[in-house]
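# Reading the structure
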Amino acid sequence: MTFEEAADRKWQVIRAILLERRYRYGTENIKEGGFSGVILRLCDKLVKLRGDFNACKIICLQDHLIDLAGYAILGMMLQDGEIDYPQQAPNPGGGVPSS
């Protein structure tokens with residue numbers, strides 16, 4: 001496996017979760033807080049990650065890192081005015097790819 005292939009696998013996991021959560025929760029919660037709200041969520045995740053570092057199993061740490069990546073992408077989309085672009089319905093049974 002190459003670095004690029006490994007990065008693509010990680011991106012597919014992040015993308016699947018980001019799309020599923022966007023479909024489930026919409027965008028109002030992100031737009032309400034604006035970019036400052038995204039930064040607040042990122043900071044909150046970093047605090048949790050720091051506090052959970054020794055107590056968490058690998059899966060818990062992965063979840064925090066996936067959330068950080070997702071919030072970073074949402075922040076970029078919010079800044080670029082892309083947060084309200086239409087979303088296709090999720091793929092039934094598509095699930096999250098295994099890493």
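Now for a quick tour of the structure. The shown structure was predicted, so the numbers you read here are calculated from the model rather than taken from an experiment. (Residues numbered from 1 in each chain as written. Predicted model: local features only at pLDDT ≥ 70, side-chain atom pairs only at ≥ 80, totals over all residues. Heavy atoms only, no water.)

### Focus: helix α1 (residues 3–25)
- Over its 23 residues, α1 runs 33 Å from end to end, which matches the ideal 33 Å to within 8%, given 1.5 Å per residue.
- Within α1, burial applies to Val13, Ile14, Ala16, Ile17 and Leu18.
- Residues of α1 that are buried make contact with α3 (58–79).
- Just past α1, the residue Gly26 takes up positive phi, approximately 75 degrees. (Helix = DSSP H or I, 4+ residues; strand = E, 2+ residues; numbered from the N terminus. Expected span 1.5 Å × (residues − 1). Buried < 20%, exposed > 50% of the residue type's maximum accessible area, 1.4 Å probe, protein only. Contact = heavy atoms within 4.5 Å.)

### Description of the pattern of salt bridges
- A full pass over the atoms with the stated rule returns 6 salt bridges.
- Across the salt bridge formed by Glu20 and Arg24, the nearest N and O atoms sit 2.2 Å from each other. In this pair, Glu20 and Arg24 are both assigned in helix α1, 4 residues apart and thus about one turn of the helix distant.
- Among the residues examined, Glu20 registers a relative accessible area of 32% and is labelled partly exposed.
- A salt bridge links Lys48 to Asp44, with the nearest nitrogen and oxygen atoms 3.4 Å apart. Of this pair, Lys48 and Asp44 both sit in helix α2 (residues 28–52), separated by 4 residues, roughly a single helical turn.
- Relative accessible area serves as the criterion here: at 37%, Lys48 is assigned to the partly exposed category.
- By relative accessible area, which is 37% here, Asp44 ends up partly exposed.
- What emerges from the salt-bridge pattern is a single network uniting Arg21, Lys45 and Asp67. (Salt bridge = Lys/Arg side-chain N within 4 Å of Asp/Glu carboxyl O.)

### Details of the packing of α1 against α3
- Where α1 meets α3, the axes come as close as 10 Å, and the angle between the chain directions of the two elements is 65 degrees. Judged by the inter-axis angle, α1 sits roughly perpendicular to α3. Crossing of α1 against α3: the hand is right-handed. Every residue of α3 that contacts α1 at Trp11, Val13, Ile14, Ile17, Leu18 and Arg21 is listed here: Ile66, Asp67, Ala69, Gly70, Ile73 and Leu74. (Axes fitted to C-alpha atoms, helices over the stretch in contact; angles between N-to-C directions. Parallel < 35°, antiparallel > 145°, perpendicular 65-115°, else oblique. Left-handed = near helix turned anticlockwise from the far one by under 90°.)

Keep in mind these values describe shape, not function.
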